[in-house]
Amino acid sequence: FQLYGYCYQDSNDIPDTLTTITELGSPLEMIQLLQTSWEDRFRICLSLVRLLHYLAHSPLGSVTLLDFRPRQFVIVDGELKVTDLDDASIEESSCTSNSDCFMEFPARNFTLPCSVEGRCQNMNEKRNLYNAYRFFFTYLLPHSAPSSLRPLLDKIVNATGNHNKHGNAKYLLFYPSPSVNSEFTQKCVKSANTQYRRVPEAFIPDENYRCWPSYHHKGCLLSVFDVNEAIEICDSYSQCKAFVLTNQTTWTGRQLVFFKMASNHIVPDPNKITYVKVTD
């Protein structure tokens, strides 16, 4: 979370008062997030992975968030950031045997090894990972994910939920996340047999219909890799009779496309290209 400034102020009632000025974020609403596109939810999870990696390798050592719940986070420009560090701790639990390194959660428990130094190995990092799994990954990653990515996403979720050999922030940051991003961005689809007439520098201002998930609440605005994918999507909706390529892209570089249920009124627009379904 970006800190813009701070100041100390002594008062008679509360000595050594610290005031901080931080960037403004939007409260995290899980139900609202589940209604957004998978691409946006993946971006949030990727930013959480970066946070987990930083907490595991911070200048102060491994940091754990003892109160790791959605209300402790906000969304800033599409990315997740932590806002409350009151319950952060850098103390790794001391131990004399493995039984001292017992972690208890509502759904399952874990026992970590006790190191020769008498500290529970990676307990702070493991606690953060499992909380990220039960509060974020298990909801945001699998839900409406592209079918081609689900096997890889299952590996990511299992790595955090089962504490297997890949259950660490470094693995999540440097292997699965970029792989998912790359495969999703470079998705290729077969062109459909339906014929479309290309109308350059044109836009359909009306004729909207709603679809889910959509980047526009009053229309059907989705991201595509190329025209072939836009054709495949339009063919999958019975009400779709045309689509408009915009010059806008998502954070992964995918192009935003409006899908329309008619093409009766087309207006000039130098920044858009319209494709109209050809009927017999």
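Here's what I pulled together on the structure shown here. (Residues numbered from 1 in each chain as written. Predicted model: local features only at pLDDT ≥ 70, side-chain atom pairs only at ≥ 80, totals over all residues. Heavy atoms only, no water.)

In this section: the state of the cysteines. One pass over the full model with this rule turns up four disulfides. What pairs with C101 in a disulfide is C120, and their sulfur atoms sit 2.1 Å apart. Taking the sign of the S-S torsion, about -90° here, the bridge from C101 to C120 comes out left-handed. Of this pair, C101 sits in the loop between β7 (88–89) and β8 (102–104) while C120 sits in the loop between β9 (109–111) and α3 (123–140), and the two are 19 residues apart along the sequence. Judged on exposure class, the residue C101 and its partner C120 are both buried. What pairs with C211 in a disulfide is C220, and their sulfur atoms sit 2.0 Å apart. The sign of the S-S torsion, about 95°, decides the handedness of the disulfide formed by C211 and C220: right-handed. The same class applies to C211 and to C220, which are both buried. Disulfide partners in the protein chain, listed by the sequence order of the bonded cysteines, are 1-3, 2-4, 5-6, 7-8. (Disulfide = S-S within 2.5 Å. Helix = DSSP H or I, 4+ residues; strand = E, 2+ residues; numbered from the N terminus. Buried < 20%, exposed > 50% of the residue type's maximum accessible area, 1.4 Å probe, protein only.)

With that settled, consider the sheet that holds strand β3 (residues 26–27). With respect to topology, three strands assemble into an open sheet ordered β3-β5-β6, the strand pairing being antiparallel. The open sheet has two free edges, formed respectively by β3 and β6 (79–82), since each of these has just one partner strand. The sheet contact formed by β3 and strand β5 (residues 73–76) spans two bridges and is antiparallel. Across the sheet, residue S26 finds its bridge partner in β5, namely I75. Here helix α2 (residues 38–56) sits on the sheet in contact with β5 and β6, set at roughly 40° to β6. (Pairing = 2+ DSSP bridges. Contact = heavy atoms within 4.5 Å. Axes fitted to C-alpha atoms, helices over the stretch in contact; angles between N-to-C directions.)

Now for unusual backbone geometry. Not every positive phi belongs to a glycine, and D77 is a case in point at roughly 50°. Residue placement: D77 occurs in the loop between β5 and β6. A relative accessible area of 68% means that D77 is categorised as exposed. Its identity as a non-glycine residue notwithstanding, E201 has a phi of 50°, on the positive side. Exposure remark for E201: the relative accessible area of 52% places this residue in the exposed category.

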